[in-house]
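Analysis of the macromolecular model
What follows is each chain in one-letter form.
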Amino acid sequence: MLAQKLLVSYSSKIINQFIQLAVTVVVARVAGPTVIGTVAFALAYTNTFKFISDLGIGTAHIKLVSEGKHNEGALLATMVRIKFLLLIIFVVFVSIVFIIQYYFMNLNFESNEHVIVIFLSLSVTVIEQLYTIPKTTFAAKVQQARQDIPNMLYNLIFQILRLSVVLIGFGAIAIVSTKFIAAMIVLFIYYKLFSTKINLKLFDSQIARKYFSISGPIIIIMICQSVIYMSDKVILQFFTNSTEVGIYTAGFKFGGYIQMIGSSIGILFLPIFSKAFVEDKIDEINHKIKKFARFSFNFILPLALFIAIFSDQIILILLGAEYIGSIPILAIITFSTFLMVSATPYGNIISGRGEFKNLAYFYTIQLFVFLLLAITLVYPEFLNLKGLGLSMSILISNVILALCFLIFAKKIDSRLVVGHGLSSFVFGLVYSSIYYILYVLFGDALIYKIFFVVLFFPLYFILSYYLKITTEEDYVNFKLLFNIGKIKKYISVELRRDNDEKL
């Protein structure tokens, strides 16, 4: 069922992203970059500190449950108590930071609307963190449908409400309010699927210490990720304005669809690899990574390269000339996020083996590189490249992190095979580079633009097949993935059966 779990994960993220992008096109055109930037800044402001609400407890929960060495009732009770305490600390911390900045540092938040949206975003984050309790338990048991279907409903409800309020004429406050409503609805759905009885009396202090012993290095990882993927918009806001943040966010949203897939793959592989290491099933790990790599490099990479090459047409057609600054950002972020998705299984090997301290070390290196580049490329007194500089900082820091994953994964166990899909990756880079040069040289006229767009995929797959980059087996496996009958059966079985014992 792993293929169906992967496809449910992939397809739900792709559907989510498609709906989100479709609505974003309308919202961006109707509301403008300033409203988009205001919402993005407020969400980034609160989410920069979101690591406090988790501190790695979610990842620790997945690992401990998947190992099967402890009573699940005690694990769940302990995790719930810790989670509520962390949420209280999170809300208090964000409020104190805001008060210090607003009342004592006289920090300019551009408008009162920004302040209101920040606290609405804080409420949304709290609700989202509440349903991580059932969500991480589903992840530990590799129950992909239970994780992804409510999340897909969340996105669908939010996008419908978001589109409605923008078309009526409301702005940033209304948009974040609809996110709050959608989060409340999905909170109910998650707990409806979560049939497990939570007995808080089963709290175990010994298990609590285990949670924190695992989560210690993960806290560093979460801080690094928060700074890179959340504070980027905050940095841009304080160096420029909401309009620039809106332009950057638009390019990031269109290019970040692959990142959503990568996060779901990481959650899926972590419990599988963790259990495989306990049972010393290295061959099983190698097999799963190889299948994932061939699928990613042979079928997702071409899509990423297509978006990068034709980013100008995508932005201009969908968003208009007002977002012309988003074009290079879209190209860079798309390629950057694909690199991290392809390296995700190797990061899961490291975490599955319990090498969280080394993982934290690698993320610290990434953060240092990102901040150094961001200051150099974005700060007005230096290169002043704004959103483009931020996207370049993310790309370079992601490349370094991916290399760290690959090198250390091989050191963990010599039996592990790394570097799957290298020939496909090299082929993709060579093909897209030549294609882009020809597109720039001959793609001025509309008829030639259409010609280049239409021919990209057929020519790509024909050449890769005849050069033996892809094989008939790859296409057969790709077709088997989309066996609708198997997918329906998997989802039906998982949602209907009582997977959760009375703990």
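Below you will find a few notes about this structure. These numbers come from a predicted model, not from an experiment. (Residues numbered from 1 in each chain as written. Predicted model: local features only at pLDDT ≥ 70, side-chain atom pairs only at ≥ 80, totals over all residues. Heavy atoms only, no water.)

This brings us to unusual backbone geometry. A positive phi angle, near 50 degrees, is found at Leu-55, a position not held by glycine. Here Leu-55 falls in the buried class, since its relative accessible area comes to 18%. Residue Lys-386 is not a glycine yet carries a positive backbone phi of 55 degrees. Checked against the element boundaries, Lys-386 lands in helix α17 (residues 386–412). (Buried < 20%, exposed > 50% of the residue type's maximum accessible area, 1.4 Å probe, protein only. Helix = DSSP H or I, 4+ residues; strand = E, 2+ residues; numbered from the N terminus.)

A few words on the nonpolar core. Among the nonpolar cores identified, the biggest contains 138 residues, and Tyr-211, Phe-405 and Phe-456 are the most heavily contacted of them. Element by element, the count of residues in this core is highest for helix α13 (residues 282–309), at 14 residues. Apart from residues lying up to four places away in sequence, Phe-405 is in contact with Met-340, Ala-343, Tyr-346, Gly-347, Ile-350, Leu-359, Phe-362 and Tyr-363. (Core = buried A, V, L, I, M, F, W, Y, C linked by side-chain atoms within 4.5 Å. Contact = heavy atoms within 4.5 Å.)

Next up on the list: helix α15 (residues 326–352). An ideal rise of 1.5 Å per residue puts 39 Å on 27 residues; α15 measures up with 37 Å between its terminal C-alpha atoms. Largest kink in α15: about 40 degrees, centred on Ala-343, with the proline Pro-345 one to four residues after it. Gly-354 sits one or two residues past α15 and shows a positive phi near 85 degrees. (Expected span 1.5 Å × (residues − 1). Bend = angle between axes of the 7 residues up to and from the residue.)

Here the focus is the pattern of salt bridges. Here the idea is simple: oppositely charged side chains can pair when their charged atoms come close. A complete count under the given rule lists two salt bridges for this structure. Ionic pairing is found between Lys-83 and Asp-54, a salt bridge with its closest N-O pair at 3.2 Å. In this pair, Lys-83 is assigned in helix α4 (residues 72–104) and Asp-54 in the loop between α2 (33–47) and α3 (57–67), connecting sequence segments 29 residues apart. Neither residue differs from the other here; Lys-83 and Asp-54 are each classed as buried. Across the pair Glu-244 and Lys-386 runs a salt bridge, and its minimum N-O distance is 3.9 Å. (Salt bridge = Lys/Arg side-chain N within 4 Å of Asp/Glu carboxyl O.)

Following both chains from N to C, one finds α3 and helix α9 (residues 205–229) inclined at 125 degrees, their axes separated by 8 Å at the closest point. Between α3 and α9, the crossing angle belongs to the class labelled oblique. As α3 runs across α9, the sense of the crossing is right-handed. Residue-level inspection shows Ile-57, Thr-59, Ala-60, His-61, Lys-63 and Leu-64 of α3 in contact with α9, the latter providing Lys-210, Tyr-211, Phe-212, Ile-214, Ser-215 and Ile-218. Of the residues belonging to the contact of α3 with α9, the class tally is seven nonpolar, three polar and two charged. (Axes fitted to C-alpha atoms, helices over the stretch in contact; angles between N-to-C directions. Parallel < 35°, antiparallel > 145°, perpendicular 65-115°, else oblique. Left-handed = near helix turned anticlockwise from the far one by under 90°. Nonpolar A, V, L, I, M, F, W, Y, C, P; charged D, E, K, R; others polar.)

What the rule picks out here adds up to 36 aromatic pairs. Relative to Tyr-439, the ring of Phe-310 lies with its centre 5.0 Å away and its plane at 75 degrees, an arrangement referred to as edge-to-face. Here Phe-310, found in the loop between α13 and α14 (311–318), pairs with Tyr-439, found in helix α18 (residues 422–442); they are 129 residues apart in sequence, far enough to count as distant. Here Phe-310 and Tyr-439 have matching classes, each one buried. (Phe/Tyr/Trp six-rings, centres within 6.5 Å; stacked < 30°, edge-to-face > 60°.)

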